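Summary of the model geometry
Residues per chain are reported as follows:
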Amino acid sequence: AIWYDEFLIRGENFNNTIAEALQKSGIPVTAETEKNVSNCPEIKVAVNLLALLVCAERDVPLATVMLSLFGFTESELQEIRKRGGLSRKTSFTACVKAVAKEGDNLGNKTAKFLAWLDKNRLIAEFSSVGEVISRAVKETGYYAKIMASEFGGLRVKRLERFIAECSVGGRK
């Protein structure tokens, strides 16, 4: 047991709590945690990107990638849904494609996103999974966004480790 700020820290988040406290103090730290890495937001974004590149007709990965990697806001996604869907049965993917054909700011932003997605879908055919994720986070500035968030250094290292692990068994 370790005493920290006069309290004994116990439980599942023991290593996370200590690592976070040390990181807040500016002390570089690496800790083995019991946390499932696939539950981390930055890893979920990477997995959703891969899912979207494999199948473009999946609404949840589409919305996740638009929000996280491309800086769309929740209100922009709501506007896309509102403008693109005449029926509740219309998929979000269909709404995105419809709005991308409009010539206003949101339409242009959406069209640019879809063009990027198409280009990276082609690149993914000839690249390892790690290369695909690495390219995406660099091109979109996602590394900077993560770094600016709480525990950014730890989150970037976790994403880099995930990318490295994806590259180990992937296409060379």
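Rules of the game
Residues numbered from 1 in each chain as written. Predicted model: local features only at pLDDT ≥ 70, side-chain atom pairs only at ≥ 80, totals over all residues. Heavy atoms only, no water. Helix = DSSP H or I, 4+ residues; strand = E, 2+ residues; numbered from the N terminus. Buried < 20%, exposed > 50% of the residue type's maximum accessible area, 1.4 Å probe, protein only. Contact = heavy atoms within 4.5 Å. Areas by Shrake-Rupley, 256 points an atom, 1.4 Å probe, with all protein chains shown as cover. Axes fitted to C-alpha atoms, helices over the stretch in contact; angles between N-to-C directions. Parallel < 35°, antiparallel > 145°, perpendicular 65-115°, else oblique. Nonpolar A, V, L, I, M, F, W, Y, C, P; charged D, E, K, R; others polar. Salt bridge = Lys/Arg side-chain N within 4 Å of Asp/Glu carboxyl O. Expected span 1.5 Å × (residues − 1). Core = buried A, V, L, I, M, F, W, Y, C linked by side-chain atoms within 4.5 Å. pLDDT = per-residue confidence, 0-100.

1. Considerations on the overall build of the protein
Counting its regular elements, the protein contains nine helices and two strands. The order of α-helices and β-strands along the protein, N terminus first, is β-β-α-α-α-α-α-α-α-α-α. By the burial criterion, 35% of the 172 residues in the protein qualify as buried. Pairs at least 24 apart in sequence give 50% of the contacts found in the protein among residues at least 6 apart. Carbon together with sulfur atoms contributes 55% to the accessible area of the protein, which is approximately 10,600 Å² in total.

2. Re the packing of helix H2 (residues 41–54) against helix H7 (residues 129–139)
Interaxial distance between H2 and H7 falls to 10 Å at its minimum, and their mutual angle equals 110 degrees. Of the possible angle classes, the one that applies to H2 and H7 is roughly perpendicular. When H2 is examined against H7, the residues Ala46, Leu49, Leu50 and Leu53 are found in contact with a partner set consisting of Val129, Val132, Ile133 and Ala136. Here the residues of the contact of H2 with H7 sort into eight nonpolar, no polar and no charged.

3. Examining the pattern of salt bridges
For the structure shown, the criterion picks out eleven salt bridges. Among the salt bridges present, the one from Glu139 reaches Lys119, with a minimum N-O distance of 3.9 Å. Taken together, the residues span a long stretch of sequence, with Glu139 in helix H7 and Lys119 in helix H6 (residues 105–124) at a distance of 20 residues.

4. Observations regarding H6
Its 20 residues give H6 an end-to-end C-alpha distance of 28 Å, which sits within 8% of 28 Å, the value for a rise of 1.5 Å per residue. Every buried residue of H6 is accounted for by Leu106, Gly107, Thr110, Phe113, Leu114, Trp116, Leu117, Asn120 and Ala124. Of the surrounding secondary structure, the elements contacted by the buried residues of H6 are H2, helix H3 (59–68), helix H4 (74–84), helix H5 (92–100) and H7.

5. Let's talk about the nonpolar core
Among the nonpolar cores identified, the biggest contains 37 residues, and Met66, Ile80, Phe113, Val137 and Leu159 are the most heavily contacted of them. The set of elements that each furnish at least two residues to this core consists of H2, H3, H4, H5, H6, H7, helix H8 (142–147) and helix H9 (152–168). Once you skip the residues sitting within four places of it in the chain, Met66 turns out to touch Gly71, Phe72, Leu77, Ile80, Phe92, Val96 and Phe113.

6. Here's the deal with the confidence of the model for the protein
Of all residues in the protein, 82% attain a pLDDT of 70 or more, and the chain-wide mean is 83. Confidence, read as mean pLDDT per element, is least for strand S2 (residues 7–8) in the protein (45) and greatest for H6 (94). When the criterion is pLDDT under 50, residues 1–10 qualifies, and its contacts beyond four places in sequence or with other chains add up to twelve contacts.

7. Topic: the side chain of Asn48
Note that Asn48 resides in helix H2. If we skip the residues at most four places from it in the chain, Asn48 touches Pro61, Thr64 and Val65.

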